Amino acid sequence: MEKTIVLVHGAWLTPASWDLFRSLYESRGYRVLAPAWPGLEGPLSTLRHGVPAAMARRTIKDLVDHYARTIQVLPSAPILVGHSFGGLIVQLLADRGLGCAAVAIDPAPPRGVFPPPSALKAALPVLLTWAGWNRVHTMGFKGFCATFANTLPPAGQREAYDSFIVQAPGRIYFQAAFGIGNGLDFGNRKRPPLLLIAGEEDRTAPASMVRANAKRHGKSPVRVDYREFAGRSHWLVREPGWEAVAEAALDWAEQVTGSATSAKDQATAA
């Protein structure tokens, strides 16, 4: 049966952020799906100039339900990989028992995992905006350099910002801050195995927070693992060395699902 990977992008981004991962995983024989958040289905060139106003009303549940519908019609349970807010979505999908393995890269925290000051600082521009829960927001270039891609050289920061960053809904940030829609059962016996990946220099989802997140999932008898990459920022999915992150995620998923041999055989046959 065809092996499938579902990639879940984060806030401020679109499926284009997964292009490198997608190419690598397809080269290893996988069918790769990277659905956009509802309202972000258009071309990146258009979204860079503004997202649909309806995005302002998107909730965490809307996003999780959207991906759940995609997963539930697949012929077999896929590997789930999410980045940033997509990492939170993947944890919530896994909590519903979806997927055969789940990888959360630099994930936003579920309820019960408290962000340190650096993570709160990264979210402040949204949380301090008047009526920010009912608006779409733009990440400033200065904030992107300081909290999202702080390990890139200036030229790389400018290129990444101009190429990939779009507006994001404020409501999901307020929900996450107040524990609305981001709760899960840390002792869940029915979730798939879970890997949480952190970047040592991440200022949006600091490694200490991701470790705490993994520790909370340890209440379940189902496997949970933690992996940290030295010298990496929140831009872990595209900064130099991204291949090591992509390969570590897939190698782990193949190990816990017992699919390593069959997947590599498919890639060889292709």
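Residues numbered from 1 in each chain as written. Predicted model: local features only at pLDDT ≥ 70, side-chain atom pairs only at ≥ 80, totals over all residues. Heavy atoms only, no water.

1. What to know about the packing of aromatic side chains
Under the criterion given, the structure shown has 13 aromatic pairs. Each ring, one from Phe21 and one from Trp242, has its centre 6.0 Å from the other, and the planes form 35°; the classification is tilted. Taken together, the residues span a long stretch of sequence, with Phe21 in helix H1 (residues 19-27) and Trp242 in helix H10 (residues 242-257) at a distance of 221 residues. Look at Phe21 and you get buried, because its relative accessible area is 0%. Ring centres 6.3 Å apart and planes at 75° place the aromatic pair Trp37 and Phe85 in the edge-to-face group. Taken together, the positions of Trp37 in the loop between strand S2 (31-33) and helix H2 (44-47) and Phe85 in helix H4 (residues 85-95) put the pair 48 residues apart, joining distant regions of the chain. In this structure, Trp37 and Phe85 share a single accessibility class: buried. Put simply, the rings of Phe141, Phe144, Phe148, Tyr161, Phe164 and Trp235 touch in pairs and so form one group of aromatic residues. Geometry around Tyr161 places Arg48 over its ring, the cationic atom sitting 5.6 Å from the centre. We note Arg158 situated over the ring of Phe141; from NZ or CZ to the ring centre the distance is 3.9 Å. (Phe/Tyr/Trp six-rings, centres within 6.5 Å; stacked < 30°, edge-to-face > 60°. Helix = DSSP H or I, 4+ residues; strand = E, 2+ residues; numbered from the N terminus. Buried < 20%, exposed > 50% of the residue type's maximum accessible area, 1.4 Å probe, protein only. Lys NZ or Arg CZ within 6 Å of the ring centre and 35° of its normal.)

2. Structural notes on the pattern of salt bridges
This structure, assessed with the given rule, holds eight salt bridges. The salt bridge partner of Glu254 is Arg28, with a shortest N-O separation of 2.9 Å. Placement of the pair is Glu254 in helix H10 and Arg28 in the loop between H1 and S2, with a sequence separation of 226 residues. Note on accessibility: Glu254 and Arg28 belong to one class, buried. Between Asp225 and Arg223 there is a salt bridge, with the nearest N and O atoms lying 2.5 Å from each other. (Salt bridge = Lys/Arg side-chain N within 4 Å of Asp/Glu carboxyl O.)

3. Looking at the sheet that holds strand S7 (residues 194-199)
With parallel pairing, the six strands of this open sheet are ordered in space as S2-S1-S3-S4-S7-S8. The two strands at the open ends of the sheet, each matched to only one other strand, are S2 and strand S8 (224-229). Between one strand axis and the next, the sheet turns by 15° as a mean value, whatever way the strands run. For strand S1 (residues 4-8) and S2, the ladder comprises three bridges, and the chain directions are parallel. Bridge pairing in S2 places Val6 opposite Leu33. Lying on the sheet, helix H9 (residues 207-217) is in contact with S7 and S8; it crosses S7 at an angle near 165°. Across the sheet, H10 lies against S1, strand S3 (79-83), strand S4 (101-105), S7 and S8, angled at about 155° from S4, the strand it touches most. (Pairing = 2+ DSSP bridges. Axes fitted to C-alpha atoms, helices over the stretch in contact; angles between N-to-C directions. Contact = heavy atoms within 4.5 Å.)

4. Focus on the packing of helix H3 (residues 60-72) against H4
Between H3 and H4, the shortest axis-to-axis distance is 10 Å and the interhelical angle comes to 65°. Crossing of H3 over H4 shows right-handed handedness. Here H3 contributes Ile60, Leu63, Val64, Tyr67, Ala68 and Ile71 to the contact with H4, which in turn contributes Phe85, Ile89, Leu92 and Leu93. Each residue belonging to the contact of H3 with H4 can be placed in one class, and the counts come to ten nonpolar, no polar and no charged. (Left-handed = near helix turned anticlockwise from the far one by under 90°. Nonpolar A, V, L, I, M, F, W, Y, C, P; charged D, E, K, R; others polar.)

5. With respect to H3
In this model H3 runs 18 Å from its N-terminal to its C-terminal C-alpha over 13 residues, within 8% of the 18 Å that 1.5 Å per residue would give. All buried positions along H3 are accounted for by Ile60, Leu63, Val64, Asp65, His66, Tyr67, Ala68 and Ile71. Contacts made by the buried residues of H3 are with S1, S3, H4 and helix H8 (171-177). (Expected span 1.5 Å × (residues − 1).)

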